[in-house]
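Chain by chain, the residues run as shown.
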Amino acid sequence: MPIRVDDDLPVKKILEDENIFVMGSDRAIRQDIRPLDILILNLMPLKQDAELQLMRSLSNTPLQVNISLIRTMTYESKHAPKGHLERFYTDFSSIKDRKWDGFIITGAPIEKMEFEDVEYWDELKEIMDWSEKNVTSTIHICWGAQAGLYYRYGVQKYELDKKLSGIYMHHTFHRKTPLVRGFDDIFYVPHSRYTGVDKDEIVKNPHLEIVAESDEAGPYLIIGDEGKNIFVTGHPEYDILTLDKEYKRDLAKGLNPDIPVNYYPDNDPSKTPIKSWRCHANTLYANWLNYYVYQITPYLWTEKADKKKDETAE
Ligand SMILES: CC(=O)SCCNC(=O)CCNC(=O)[C@H](O)C(C)(C)COP(=O)(O)OP(=O)(O)OC[C@H]1O[C@@H](n2cnc3c(N)ncnc32)[C@H](O)[C@@H]1OP(=O)(O)O
Ligand SMILES: N[C@@H](CCO)C(=O)O
């Protein structure tokens with residue numbers, strides 16, 4: 001698909017080299033269509049990796065997608081280059097006075113902290129409150145999913161006995177649900193986290209529906225309020241080598257990590273992993289953009305459109 005990004009964004013060149021269809025602003029302004037406006041709150045420390053991974057995942061649709069990036073202002077990232085953040089990112093106060101078709105809240109390596117101890121927790125709560133009225137559908141990834149399930153629906157996270165790391169087999173429950181349309185009967189997804197969410201709390205909440213799960217990794221795709229909020233507890237967007245880097249990093253730190261499961265051929269970390277989740281990631285994001293964003297978002301999002309939506313909901 002044509003992803004529209006800033007012409008100078010460094011990952012644009014990488015995406016073009018990979019043959020991902022990226023459209024520069026010159027060509028985009030000459031296509032006479034209404035593009036989707038997608039906002040990404042990037043909470044990952046390795047911001048450019050996350051940009052690249054998400055843009056790849058969003059690239060499998062004929063729709064034109066404008067990507068805008070925001071960061072937190074109450075916590076300053078230590079690892080992201082300052083110049084990059086200043087040039088390509090803005091903050092919540094600059095984007096809050098308009099409507100957005102889709103919104104992505106990324107993961108963050110802070111799942112062992114209490115939510116209330118996260119430095120940007122109040123800011124994130126404000127952003128989540130704002131998104132209820134100003135975004136058509138929000139996807140939350142990994143820690144972002146745990147934070148969203150907790151703040152929006154009161155679902156607790158809990159610490160696992162050990163880090164869940166690897167490529168896990170999943171299945172869907174409701175094959176007719178648009179989010180999982182076209183999925184294979186079983187499919188694989190990376191997970192990499194120290195915490196999980198309480199399945200019983202999700203099941204008993206009438207606003208939430210689990211539509212895909214893994215026997216080992218637990219609930220994976222959860223739909224909130226019919227798609228207004230979507231929670232993805234794994235990392236379908238991860239690159240082939242992301243888990244490898246995390247494993248070797250933890251090994252070097254002396255953390256004695258388990259080898260990520262079902263990842264290296266013959267379970268041998270010296271061998272190059274095989275990417276078995278690309279097709280799943282593409283289908284998931286294409287389904288989200290189509291059924292939960294494009295088909296639902298008003299063409300002209302005005303107060304009139306808001307009123308009509310409220311009337312239909314009543
Ligand atoms: C559960 C999930 O969502 S998984 C997704 C996260 N996965 C990844 O980030 C994988 C890649 N990350 C990494 O390899 C490592 O985090 C590294 C190498 C970048 C940094 O590791 P360390 O130096 O040990 O961690 P450090 O203490 O600096 O904190 C890491 C991140 O946690 C977050 N963080 C730490 N403390 C806080 C805090 N009090 N409040 C909010 N965020 C915090 C920040 O995002 C921080 O990175 P940033 O300042 O660059 O944004
Ligand atoms: N994916 C994360 C998990 C820890 O938050 C990492 O290994 O860096």
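Shown above is the structure to which this text applies.
Values in this document were obtained by computation on a predicted structure and should not be read as measured data. Position labels on residues start from 1 in each chain and follow its written sequence. All chains are assigned letters beginning with A, and all ligands numbers beginning with 1, in the order in which they are written. Residues qualify for local features only when their pLDDT is at least 70, as the model is predicted, and side-chain atom pairs are given and counted only at 80 or more; totals for whole chains, interfaces and linings, by contrast, use all residues. Computation of side-chain values covers all heavy atoms of the structure but excludes hydrogens and water.

S.K.: Even after reading the chapter, I still don't get the packing of aromatic side chains, so can you show me in this structure?
M.R.: The description of an aromatic ring pair rests on the distance of the ring centres and on the angle between the ring planes. Aromatic pairs are defined between Phe, Tyr and Trp rings, using the six-membered ring for Trp, whenever the two ring centres lie within 6.5 Å; interplanar angles under 30 degrees are classed as stacked, those over 60 as edge-to-face, and all others as tilted. Overall, the coordinates contain 16 aromatic pairs when judged by the stated rule. For the pair Phe 92 and Trp 130, a centre-to-centre distance of 5.3 Å together with 80° between the ring planes defines the contact as edge-to-face. Here Trp 130 lies in helix α6 (residues 121-134) and Phe 92 lies in helix α5 (residues 92-95), a separation of 38 residues in the sequence. The pair formed by Phe 92 and Trp 130 is uniform in burial state, with each residue classed as buried. Here the aromatic residues Tyr 75, Phe 115, Tyr 120, Trp 121, Trp 143, Tyr 150 and Tyr 151 are joined through ring pairs into a cluster of three or more. What counts as a helix is a DSSP run of H or I of at least four residues, what counts as a strand is a run of E of at least two, and both are numbered from the N terminus. Using a 1.4 Å probe on the protein chains alone, a residue whose accessible area is under 20% of its type maximum counts as buried, one over 50% counts as exposed, and one in between counts as partly exposed.

S.K.: Looking at this structure, I do not really get the site of ligand 1. What am I missing?
M.R.: Lining the immediate surroundings of ligand 1 are 25 residues, of which Tyr 75, Ser 77, Lys 78, His 79 and Arg 249 lie closest. With respect to ligand 1, the side chain of Ser 77 contributes an N or O atom lying 2.8 Å from an oxygen atom. Here the Shrake-Rupley method, with its probe set to 1.4 Å, supplies the accessible areas, and only the displayed protein chains count as covering residues. When isolated, ligand 1 has an accessible area of 1,000 Å², and the protein chains bury 79% of it. Any residue with a heavy atom positioned within 4 Å of a molecule or strand is treated as near that molecule or strand. What qualifies as a polar contact is a pair of N or O atoms within 3.5 Å, subject to a donor-acceptor requirement within protein and to the restriction that residues adjacent in sequence count only when both atoms come from side chains.

S.K.: Any chance you could explain the site of ligand 2 here in plain terms?
M.R.: Neighbouring ligand 2 are the residues Pro 109, Glu 111, Lys 163, Ser 192, Tyr 194, Tyr 238, Glu 246 and Arg 249. Between a nitrogen atom of ligand 2 and a side-chain N or O atom of Ser 192, the distance comes to 2.8 Å. Tyr 238 is positioned such that a nitrogen or oxygen atom in its side chain is 3.3 Å from a nitrogen atom of ligand 2. Within the complex, the protein chains bury 88% of what would otherwise be the 260 Å² of accessible surface of ligand 2. Buried and open spaces are told apart on a 1 Å grid over the protein atoms alone, a cavity being a set of points where a 1.4 Å probe fits but cannot get out and a pocket being an open set with protein on both sides within 12 Å along at least five of seven lines. Residues with an atom within 4 Å of a point are the lining residues. Just a note on the criterion: a molecule sits in a pocket or cavity if more than half of its atoms are within 2 Å of the grid points. More than half of the atoms of ligand 2 fall within 2 Å of the grid points belonging to the largest pocket. Looking at the shell around ligand 2, the elements that each hand over two or more residues are β9 (186-197) and α9 (242-252). Each residue is assigned to one class: nonpolar for Ala, Val, Leu, Ile, Met, Phe, Trp, Tyr, Cys and Pro, charged for Asp, Glu, Lys and Arg, and polar for all the others, Gly among them. Of the residues belonging to the shell around ligand 2, the class tally is three nonpolar, one polar and four charged.

S.K.: Just checking my understanding: could you explain the nonpolar core for this structure?
M.R.: Generally speaking, a soluble globular protein has its nonpolar side chains buried in company with each other. Nonpolar core, defined: a set of buried Ala, Val, Leu, Ile, Met, Phe, Trp, Tyr and Cys residues in which side-chain atoms within 4.5 Å join the residues together. Grouped together as the largest cluster of nonpolar side chains are 42 residues, with contacts concentrated most on Ile 104, Leu 179, Leu 221, Tyr 285 and Trp 288. Sorting elements by how many residues they give to this core places helix α10 (residues 278-294) first, with six residues. Look past the residues within four positions of Leu 221 in its chain and what remains in contact with it is Leu 179, Val 180, Phe 183, Glu 209, Ile 210, Val 211, Ala 212, Phe 231, Val 232 and Leu 284. Listed in part, the 22 residues of the second largest apolar core include Ile 105, Trp 121, Ile 127 and Met 128. Residue contacts are defined here by distance: any two heavy atoms, one from each residue, within 4.5 Å place the two residues in contact.

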